[in-house]
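Report on the structure
Next come the chains, spelled out residue by residue.
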Amino acid sequence: MNGGEILFREYYDLRADPYQLTNKLHGRVRNRRRRLRVPELARRLTAARAN
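Residues numbered from 1 in each chain as written. Predicted model: local features only at pLDDT ≥ 70, side-chain atom pairs only at ≥ 80, totals over all residues. Heavy atoms only, no water.

Within the protein, the secondary structure is distributed over two helices and zero strands. Burial statistics for the protein: of 51 residues in total, 10% are counted as buried. A total of about 4900 Å² of accessible surface is found on the protein, and carbon and sulfur atoms cover 50% of it. (Helix = DSSP H or I, 4+ residues; strand = E, 2+ residues; numbered from the N terminus. Buried < 20%, exposed > 50% of the residue type's maximum accessible area, 1.4 Å probe, protein only. Areas by Shrake-Rupley, 256 points an atom, 1.4 Å probe, with all protein chains shown as cover.)

Here it is, written out as structure tokens:
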């Protein structure tokens, strides 16, 4: 177990890629993650898990 550290993220455009074949974050830079709103989504998921 890694203590909750995130080692790999997957992010798919389910409308354009319903079979999840292209991970939008694989090998991407930090700016791309911000444009996809990944930090905001991560915060919302963390809050939802706490409830």
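Relative to the helices and strands, Asn 23 resides in the segment before α1 (30-35). A polar contact of 3.0 Å, which involves the side chain of Asn 23, links it to the backbone nitrogen of Tyr 11. Residue contacts for Asn 23: discarding those within four places in its chain leaves Phe 8, Arg 9, Glu 10, Tyr 11 and Tyr 12. (Polar contact = N/O pair within 3.5 Å; in protein donor to acceptor, adjacent residues only side chain to side chain. Contact = heavy atoms within 4.5 Å.)

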